[in-house]
Amino acid sequence: MKKKLNFQTKAIIAGRSMDAVSGKTFETLNPANGKILAKIARCEKADADIAVEAARNAFENGPWPKMSPAERKVILQRFATLIEAHTDELAELEAIEAGKPISDCIEIDLPETVGTIRWHAEAADKIYDQLSPSGSGVVSMIVREPIGVVAAILPWNFPLMMAAWKLGPILAEGNTVILKPAEQTSMSTIRLAQLATEAGIPDGVINVVPGFGEEVGKALGEHMGIDCVGFTGSTEIGRMFLRYSADSNLKRVLLECGGKNPLVVMPDAADLDVVADHAANSIFWNMGENCSSNSRVLIHSSLKAEFIELLLERTQDWVIADPLDSACRLGPLIEEDHMKKVLSHIEKAKKEGAKLICGGNRVMTESGGYFVEPTIFDEVSPKMSIAKEEIFGPVLAILTFETPEEGIAMANDTEYGLTASVFSASNKTAHNAARQIRAGTVSVNCYGEGDISTPFGGFGLSGFGGRDKSLAAHDQYCELKTIWMDMS
Ligand code: NAD
């Protein structure tokens, strides 16, 4: 980390860096000290209009959609290689803007961002269209075509990785895109778009409009010139995109939203040491600001005492420090308001009668940053808000059950359904539980989200309309067309 970072703060439209039409900017802060990092172009409806025009022009008249998939693959691979070459710079940006531990950025976020673009690039020329079995008098083709101009609305918790989850399939299928980063984390997305241009992705194919959700985000959601919105964020805002679509042009809406994910420890779980490792990693990694974190541990009552002892030991390993310190495993929460929200959830849990057994406080206050300790509540009952609401912080609720059936019922006692983990020494018990739990991904004897080849998305309030990652993500950015040719 020797070079000084050159902050990129402007919108990218048709390959050019641009101020907002209004000339307005907004401040982006460093969550580790509360200080201003930079002033970013504050895009609004007028900027959204220009970006949509550029993306539409690139789609209708530019080379990208017409290129062979193999040509797109080569350019996207170059893009991935350039991102890889800029790992240190992008990791540092991500750590500074989002408060993420630098070691995570370097070891997880950047390699996964690169791997995601590479995987979708590779898939570009390996997906076939179909002929339907319609008989000999006809040639009936079912072809996939790019859906058109896509708006990708992004969250702040994994800025580059979430951008890559969208960009990979959107671009591989020949669409053009407007990225709307979360207002807390604009700069790594802007830099990504610059690297795309350097890699040879034509102007207008990737545009970036930083700004506030209720301004430029809403303008994109309501825009008549956008064919599809791929959104990752909260369920509350996800719902708004369905309304925007209904009130405008019925654009396709794909939502990846929140979760209140269970980690179910069956009575025959083989190794509580392993369970404790995964449980701690799941709730404390990325400060718990992770849609797939298992924020509810549901454990057979016979195992709870030993598990808690092991978990509390693990908690010591989660070093709270400045995100640029390589020892840091827990950085600050993203912003002051979010920290206050997390702390108010903790206070509410105490009032409702949950037993605080670890953490619960803001720490390193003198830094000006928004650090919260790893926090664990025991004696949580299913009715308490801490068992129901997504907190999006390092706060774990422990509940007990008496039978595997009760454990599964508790796992399903949520409006969400993003991920779940099950621990059991019996394949039969684990598999039965995995089939019965209503969630998009169920990991067995580990905490995990699968890999790039597996779909990611949720049941219930966790999502709508599609899946990120895997080939399923390609389908959602395509239209299906039937071409019926009379050959008689
Ligand atoms: P958020 O819903 O507040 O914001 C997401 C995006 O929507 C941001 O770009 C924001 O600017 C924009 N937005 C906000 N208000 C808007 C409005 N009125 N109109 C249009 N756009 C608007 O979410 P967040 O706080 O950035 O991210 C945290 C949430 O994301 C959590 O709920 C988390 O579970 C979820 N998440 C889900 C996944 C997944 O894959 N399922 C992955 C990461 C995060």
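Residues numbered from 1 in each chain as written. Predicted model: local features only at pLDDT ≥ 70, side-chain atom pairs only at ≥ 80, totals over all residues. Heavy atoms only, no water.

Describing the overall build of the protein chain
Here is step 1: Secondary structure summary: the protein chain contains 14 helices and 22 strands in total.
Here is step 2: Radius of gyration (C-alpha) of the protein chain: 23 Å, near the 23 Å computed for a compact globule of 488 residues.
Here is step 3: Each principal axis of the C-alpha distribution contributes one length, and for the protein chain these read about 70 × 60 × 40 Å.
Here is step 4: For the protein chain, the proportion of its 488 residues judged to be buried stands at 57%.
Here is step 5: With an accessible surface of roughly 19400 Å², the protein chain has 52% of that area assigned to carbon and sulfur atoms.
Here is step 6: Taken as two groups, the 47 positive and 66 negative side-chain charges of the protein chain have centres that lie 4 Å from each other. (Helix = DSSP H or I, 4+ residues; strand = E, 2+ residues; numbered from the N terminus. Rg over C-alpha atoms; globule rule 2.2 N^0.38 Å. Buried < 20%, exposed > 50% of the residue type's maximum accessible area, 1.4 Å probe, protein only. Areas by Shrake-Rupley, 256 points an atom, 1.4 Å probe, with all protein chains shown as cover. Lys, Arg positive; Asp, Glu negative; His and termini not counted. Charge placed at Lys NZ, Arg CZ, Asp CG, Glu CD.)

Notes on empty space enclosed by the protein
Any empty space left between the atoms is revealed when a probe the size of a water molecule rolls over them.
Here is step 1: For the structure on display, the rule yields five cavities of 30 Å³ or more.
Here is step 2: Size it by volume and the largest cavity reaches roughly 60 Å³.
Here is step 3: Surrounding the largest cavity, 13 residues form its lining, Ser293, Ser295, Glu390, Ile391 and Phe392 being those nearest its centre.
Here is step 4: Here the lining of the largest cavity is built from residues that sort into five nonpolar, six polar and two charged. (1 Å grid on protein atoms, 1.4 Å probe; cavity = no way out; pocket = protein on both sides within 12 Å on 5 of 7 lines; lining within 4 Å. Points joined across faces, edges and corners; volume = space filled by probe spheres on them. Nonpolar A, V, L, I, M, F, W, Y, C, P; charged D, E, K, R; others polar.)

Considering the site of the ligand
Here is step 1: Around the ligand there are 30 residues in total, and Lys180, Glu183, Ser234, Tyr244 and Glu390 lie nearest to it.
Here is step 2: Gly213 places a main-chain nitrogen or oxygen 3.2 Å from a nitrogen atom of the ligand.
Here is step 3: Side-chain polar atom of Ser234 to an oxygen atom of the ligand: 2.6 Å apart, as the coordinates give it.
Here is step 4: Relative to its unbound accessible surface of 850 Å², the ligand loses 91% to contact with the protein.
Here is step 5: Here the ligand is seated within the largest pocket.
Here is step 6: Looking at the shell around the ligand, the elements that each hand over two or more residues are α7 (213-222), β10 (228-232) and α8 (235-247). (Near = heavy atom within 4 Å. Polar contact = N/O pair within 3.5 Å; in protein donor to acceptor, adjacent residues only side chain to side chain. Sits in = over half its atoms within 2 Å of the grid points.)

Quick notes on the packing of aromatic side chains
Here is step 1: By the definition in use, this model includes seven aromatic pairs.
Here is step 2: Pairing Trp156 with Phe392 gives two aromatic rings, centres 5.5 Å apart and planes at 80°, and the pair type is edge-to-face. Of the two residues, Trp156 is situated in the loop between β7 (149-153) and α5 (159-172) and Phe392 in the loop between β17 (375-378) and β18 (395-401); the sequence distance between them amounts to 236 residues. No difference in accessibility class separates Trp156 from Phe392, as the two residues are buried. (Phe/Tyr/Trp six-rings, centres within 6.5 Å; stacked < 30°, edge-to-face > 60°.)

Topic: the sheet that holds β18
Here is step 1: Strand order across the open sheet formed by seven strands is β14-β17-β18-β13-β12-β19-β20, with mixed pairing between neighbours. The open sheet is flanked by β14 (355-358) and β20 (441-444), the only strands paired with a single partner. Strand-to-strand twist across the sheet, computed as the mean angle between neighbouring axes with direction ignored, equals 25°.
Here is step 2: As judged from the four bridges shared by strand β19 (residues 419-423) and β20, these two strands associate in the parallel manner. Bridge assignment links Thr419 to a residue of β20, and that residue is Thr441.
Here is step 3: Each of β12 (262-265), β13 (296-300), β17, β18 and β19 touches helix α9 (residues 272-284); the most contacted strand, β12, lies at about 175° to it. (Pairing = 2+ DSSP bridges. Axes fitted to C-alpha atoms, helices over the stretch in contact; angles between N-to-C directions. Contact = heavy atoms within 4.5 Å.)

Here we look at the sheet that holds strand β22 (residues 478-486)
Here is step 1: The strand order across the open sheet built from three strands is β5-β6-β22, with neighbouring strands paired in antiparallel fashion. Edge positions in the open sheet fall to β5 (130-131) and β22, since each of these has one partner strand only.
Here is step 2: In this structure, strand β6 (residues 138-146) lies alongside β22, joined through nine bridges in antiparallel fashion. Across the sheet, the residue bridging to Ile142 is Thr482, located in β22.

Focus on the state of the cysteines
Here is step 1: Tallying each qualifying case throughout the model produces zero disulfides.
Here is step 2: The structure places no disulfide on Cys478, whose sulfur is separated from the nearest cysteine sulfur, that of Cys228, by 10 Å.
Here is step 3: You can call Cys478 buried: its relative accessible area is 5%. (Disulfide = S-S within 2.5 Å.)

What to know about the side chain of Glu94
Here is step 1: One can find Glu94 in helix α3 (residues 87-98).
Here is step 2: A polar contact of 3.0 Å, which involves the side chain of Glu94, links it to the backbone nitrogen of Leu160.
Here is step 3: Within the local environment of Glu94, its side chain forms a polar contact with the side chain of Ser188, the two groups lying 2.9 Å apart.
Here is step 4: Beyond its immediate sequence surroundings of up to four residues, Glu94 is in contact with Gly99, Lys100, Cys105, Asp109, Phe158, Pro159, Leu160 and Ser188.

A look at the pattern of salt bridges
Here is step 1: Applying the stated criterion across every chain, the model contains 27 salt bridges.
Here is step 2: The salt bridge involving Glu215 is made with Arg42; its shortest N-O contact spans 2.7 Å. One end of the pair, Glu215, is in helix α7; the other, Arg42, is in the loop between β4 (36-41) and α1 (45-61), with 173 residues separating them in the sequence.
Here is step 3: Overall, the relative accessible area of 22% leaves Arg42 in the partly exposed class.
Here is step 4: Several salt bridges share partner residues, and in doing so they unite Lys73, Glu122, Asp125 and Lys126 into one network. (Salt bridge = Lys/Arg side-chain N within 4 Å of Asp/Glu carboxyl O.)

Some thoughts on the nonpolar core
Here is step 1: Of all hydrophobic cores here, the largest spans 109 residues; its most connected members are Phe79, Ile201, Ile206 and Phe307.
Here is step 2: No other element matches α5, which puts ten residues into this core.
Here is step 3: Excluding its chain neighbours within four sequence positions, the residues that come into contact with Ile206 are Ile12, Leu167, Leu171, Val177, Leu179, Ala193, Ala196 and Ile201.
Here is step 4: The next biggest cluster of nonpolar side chains, apart from the first, holds 26 residues, and it includes Ala51, Phe59, Leu220 and Leu255. (Core = buried A, V, L, I, M, F, W, Y, C linked by side-chain atoms within 4.5 Å.)

Considerations on the pairing of β20
Here is step 1: Of the two faces of β20, only the one carrying Thr441 and Ser443 is buried; Val442 and Val444 on the other face are not.
Here is step 2: The parallel pair β19 and β20, bridged by helix α13 (residues 427-436), forms a crossover whose chirality is right-handed. (Right-handed = clockwise from strand over helix to strand, strands pointing away.)

Here we look at unusual backbone geometry
Here is step 1: Located in the positive-phi region is Met364, a residue other than glycine, with phi close to 50°.
Here is step 2: Examined against the element boundaries, Met364 turns out to sit in the loop between β15 (362-363) and β16 (371-372).
Here is step 3: A relative accessible area of 26% means that Met364 is categorised as partly exposed.
Here is step 4: Residue Phe392 is not a glycine yet carries a positive backbone phi of 60°.
Here is step 5: On the accessibility criterion, Phe392 (16% relative accessible area) is buried.

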